[in-house]
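Chain by chain, the residues run as shown.
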Amino acid sequence: MLFKVFPGNELETLYDILAGHHLVGPQLRGTDLNGQELFAFDYIHSFTELRLDFTSTVHSLKSFILPPRETLSSFTLTNGDWEKHVDLGIYKPHVFFGLHPCDINGLNKLDKVLTGPVYPDPFYTGKRKNMFIIGVNCSPQPWCFCKSMGTDTVLSGFDMFLTDLGDRYFVEIQSAIAYDILTELPIVDPTEADHRRFVELMDERNSKFTCQVDNSDLTKILDLEFQSPVWQEWGKKCMSCGSCASVCPTCYCYGVKEFVDLDLTNATKQRQLYSCNLIDFAMVAGGHNFRPDSASRLKYRYYHKHRGFQEAYEEALCVGCGRCGQACLAGITVPDVIDSVRRQEVPK
Amino acid sequence: MEKTRTYLGVEIKRPRTAFFELSSCEGCQLQILNKEASLFAFLDLLDIVNFREAMSNGSNDYEIAFVEGSVTRADEEERLLKIRKQAKTLVALGSCACFGGVNQLKNRFNDLEWVKKEVYGDFPIETQKVRPLSDFVTVDLSIYGCPIKKEEVEEIVTNLVLGKSIDHPRYPVCMECTANGNICLFKLGEPCLGPVTRAGCDAWCPNNRVGCWGCRGPADEANFDQLQEIMDSHNIPRQAMLDRLECFGGFSSAIKNMSE
Ligand code: SF4
Ligand code: SF4
Ligand code: SF4
Ligand code: SF4
Ligand code: SF4
């Protein structure tokens, strides 16, 4: 990896160079009851909208790569016959300015499933290949447990990665395009002092993690505790609302539905992102529901993320961003659930 | 106008269709006539033979009947039974028809005579307890909402005409709300019935920063105990939650079961 440093006030130059593209970044959406700022990824139209000091976003950036609704194909129906059209919709390269390590790791996990090798998804892959990503270091929030998931740092899946050293940015360069762009800025090699400052800052960041999960032997423990009564307890709380999957950067399940236009001459096939907590997630033709109760649905959410995926890819399908727990009105969080399985006790 | 069309080479009949209203604000029927851009295509799917709000000289020879409104009078009950006899498919149109709707709020009062006096003063009319269509007849299809959402009606009617199955979302509004990228209203201190209400409106109210009032009734799984806990933990008074749950009638059996 190549490391460079540029002066803090040159960040705007970097923004200006990229501003001609569809540029998505963190911006302020409002404040909650307690005065806590709430952020969202959205299109940025001026440098001042870009808030690289954001805590974390309420929703992940999934809507830009795996939209909640997407047309997979459309059909023209004429003379008793039909013609199919597929539009991958990849006309607009996107710049993502300001992704935290967890979110870049989230993309890397999605890639494993959606870009192949078994069933590559051309809609996702098309968008993914047309992304320019600028990562940025974060300050851990009380709900972040990425450190436990090994996703607090990121080694690939971005073009450049910024760390604010105070008056300078320390930048890790991963792609030739990123390097070319940076040559328009007064970049210099980092000094020994810059190295020290970077390590200091990372130590400081590390000391700020307050939330963690004990993942050791988790796949085995999940196997052992398949029938555990704790699942029933969590099931009683769960509202089967799907908010957790909606906000999750790594959930990718979807359903496909056909729509016929009112004039009966056109039709579309659309996918809709779904959640394994929704009541009919495992309902099949004929009406049988393999997971009719909220407890088994919630359980399988954890089994997919922390057991099935772990077995298939040797990593969990969770980056510890904590969004699901923040979004869950029933207060169901990953650390609490995993803890309860280990200790066989659900917090009141 | 030609009476048939084709879909993938199969002849599709335009079904003879009638619209009726019982006790209602007629807002759902007005929704049927809304959305001008696709209104002609919509009307073209059906052979509408009776629709008081939109045409004169209605006929009583129809296959599909859309019935808006709730039953609050004996003569409405009679009309409804007659419609049921004629219609092959009877559709409950909107929350009044499905659950009693806003009208059923009067059922909260024990003394209906007093209610009548408050509303009509010295000009009383004959009214009874408000009840949904399903209390009197078999309802083949329900279209929820107060008012109904025209986009959803278009989809349902297209599937109805094509003979496809019609499946309402079984999950709650929260799924649509979060899919739309909204920030949850509870975070902003506002109550919302999204977690227990059937989706399908695309989170109409939360999209506009208004908490859901549950006009579409309960989702297939609705966890009221947890809803109560959420309201409590957000310091939302029990009465405020009940006001919402009671508003459109969809939750009446749930309220009965709710612990005090
Ligand atoms: S865990 Fe929470 S957010 Fe997820 S479905 Fe259950 S109640 Fe909804
Ligand atoms: S499961 Fe929760 S903590 Fe894990 S990646 Fe998804 S939203 Fe983040
Ligand atoms: S099965 Fe559930 S947890 Fe796994 S990706 Fe699908 S929605 Fe997410
Ligand atoms: S605003 Fe309402 S519908 Fe939206 S997530 Fe919150 S509770 Fe659910
Ligand atoms: S958000 Fe709730 S009250 Fe509003 S239209 Fe939808 S179901 Fe009705």
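Residues numbered from 1 in each chain as written. Chains lettered and ligands numbered in written order. Predicted model: local features only at pLDDT ≥ 70, side-chain atom pairs only at ≥ 80, totals over all residues. Heavy atoms only, no water.

Caption draft 1: Structural detail: the interface of chain A and chain B. Listed as interface residues are 43 residues of chain A and, on the opposing side, 43 residues of chain B. Of all residues in chain A, the largest losses of buried area upon contact with chain B belong to A:Met239, A:Leu262 and A:Leu329, amounting jointly to 22% of the total for that side. There are five salt bridges connecting chain A and chain B. With its nearest N and O atoms 3.4 Å apart, the salt bridge here joins A:Arg297 to B:Glu221. One can count 14 residue pairs in polar contact (both at pLDDT 80 or more) joining chain A with chain B. Elements supplying a minimum of two residues to the side of chain A that touches chain B: β2 (22–31), β4 (69–78), α9 (230–237), α10 (243–247), β10 (254–260), β11 (266–273) and α11 (294–313) of chain A. Here the side of chain A that touches chain B takes four residues from β10(A), the largest share from any one element. Here the side of chain A that touches chain B is composed, by residue class, of 21 nonpolar, 11 polar and 11 charged. (Contact = heavy atoms within 4.5 Å. Buried area = accessible area lost by both parts, 1.4 Å probe. Salt bridge = Lys/Arg side-chain N within 4 Å of Asp/Glu carboxyl O. Polar contact = N/O pair within 3.5 Å; in protein donor to acceptor, adjacent residues only side chain to side chain. Helix = DSSP H or I, 4+ residues; strand = E, 2+ residues; numbered from the N terminus. Nonpolar A, V, L, I, M, F, W, Y, C, P; charged D, E, K, R; others polar.)

Caption draft 2: View of the site of ligand 2. Residues and elements named next belong to chain A. Close to ligand 2 lie 14 residues; Cys248, Cys318, Cys321, Gly322 and Cys324 are nearest. Secondary structure elements with two or more residues in the shell around ligand 2: α11 and α12 (323–327). Across the shell around ligand 2, the residue classes break down as eight nonpolar, three polar and three charged. (Near = heavy atom within 4 Å.)

Caption draft 3: Highlighting the sheet that holds strand β3 (residues 16–21) of chain B. Residue and element names in this part refer to chain B. Reading across from one edge, β4-β3-β5-β6-β7 is the order of the five strands in this open sheet, with parallel pairing throughout. Edge positions in the open sheet fall to β4 (47–51) and β7 (141–143), since each of these has one partner strand only. Each strand axis lies, on average, 20 degrees off the axis of its neighbour in the sheet, ignoring direction. Relative to strand β6 (residues 89–93), strand β5 (residues 64–68) runs parallel, the two sharing five bridges. The partner of Phe66 across the bridge, within β6, is Val91. Here helix α3 (residues 74–86) sits on the sheet in contact with β3, β5 and β6, set at roughly 140 degrees to β6. (Pairing = 2+ DSSP bridges. Axes fitted to C-alpha atoms, helices over the stretch in contact; angles between N-to-C directions.)

Caption draft 4: Structural view of unusual backbone geometry. For the bond from A:Gly116 to A:Pro117, the omega torsion is 5 degrees, close enough to zero to count as cis. Locating A:Pro117 in the fold gives a position in the loop between α3 (101–114) and α4 (122–128). In this structure, B:Pro147 follows B:Cys146 across a cis peptide bond, with omega equal to 0 degrees. Topologically, B:Pro147 is positioned in the loop between β7 and α6 (150–162).

Caption draft 5: Seen up close, the confidence of the model for chain B. Scored by pLDDT, chain B comes out at a mean of 94, with 98% of its residues at no less than 70. Interface predicted TM-score (ipTM) for the complex: 0.95; the corresponding pTM is 0.95. (pLDDT = per-residue confidence, 0-100.)

Caption draft 6: Highlighting the environment of A:His100. Residues and elements named next belong to chain A. Tracing the backbone through its elements, the reader meets His100 in the loop between β6 (94–99) and α3. Put simply, His100 and Phe6 are 94 residues apart on the chain and 20 Å apart in space, counted from C-alpha to C-alpha. In this structure His100 touches Phe54, Thr55, Val136, Asn137 and Cys138, once residues within four positions along its chain are discounted.

Caption draft 7: Structural detail: the pattern of salt bridges. On inspection of all chains with the given rule, the structure shows 50 salt bridges over all chains. For A:Glu204, the salt bridge is made with A:Lys208, and the minimal N-O distance between the two is 3.9 Å. The exposure class assigned to A:Glu204 is partly exposed, which follows from its relative accessible area of 40%. Take A:Lys208: its relative accessible area is 37%, and that puts it in the partly exposed class. Residue B:Arg52 pairs with B:Glu26 through a salt bridge whose shortest N-O separation is 2.5 Å. (Buried < 20%, exposed > 50% of the residue type's maximum accessible area, 1.4 Å probe, protein only.)

Caption draft 8: Focus on helix α13 (residues 334–343) of chain A. Residue and element names in this part refer to chain A. Within α13, the full set of buried residues consists of Val334, Pro335, Val337, Ile338, Ser340 and Val341. Where α13 begins, the side chain of Thr333 points an oxygen toward the backbone nitrogen of Asp336, at a separation of 3.2 Å. A positive phi of about 55 degrees marks Gln344, the residue just after α13.

Caption draft 9: View of α9(A). Restricting attention to buried positions, one finds in α9(A) the residues A:Val230, A:Trp231, A:Trp234, A:Gly235 and A:Lys237. In an axial view of α9(A), the angular spread of the buried residues amounts to 155 degrees, which keeps them on one side of the axis. Where the residues of α9(A) are buried, they touch α8 (218–224), α11 and α13 of chain A together with α9 (224–233) of chain B. (Arc of directions from axis to C-beta.)

Caption draft 10: The environment of B:Val67, seen in detail. Residue and element names in this part refer to chain B. As for its placement among the helices and strands, Val67 is situated in strand β5. Overall, the relative accessible area of 0% leaves Val67 in the buried class. Placed 77 residues apart in sequence, Val67 and Tyr144 show a C-alpha to C-alpha distance of 12 Å. Not counting residues up to four positions away in its chain, the partners in contact with Val67 are Phe20, Leu22, Leu80, Ile83, Leu90, Val91, Ala92, Leu93, Ala97 and Leu133.

Caption draft 11: Structural context of the domain arrangement of chain A. All names here are of chain A. Along its sequence, chain A is carved into domain 1 (2–66 + 89–207) and domain 2 (218–343). The centre of domain 1, based on its C-alpha atoms, is set 27 Å off from the matching centre of domain 2. Facing 25 residues of domain 1, the contacting portion of domain 2 comprises 25 residues. Regarding the contact of domain 1 and domain 2, the summed buried area is about 2200 Å², with carbon and sulfur atoms giving 61% of it. Looking only at domain 1, the three residues that lose the most surface to domain 2 are Lys62, Lys109 and Phe145, adding up to 28% of its buried area. Summed over the shared surface of domain 1 and domain 2, the result is 12 residue pairs in polar contact (both at pLDDT 80 or more). (Domains from an automatic or database assignment.)

Caption draft 12: Seen up close, the site of ligand 5. If you check the shell around ligand 5, you find B:Thr197, B:Cys201, B:Trp204, B:Cys205, B:Pro206, B:Cys212, B:Trp213, B:Gly214, B:Cys215 and B:Arg216 and nothing else. Here the shell around ligand 5 is built from residues that sort into seven nonpolar, two polar and one charged.

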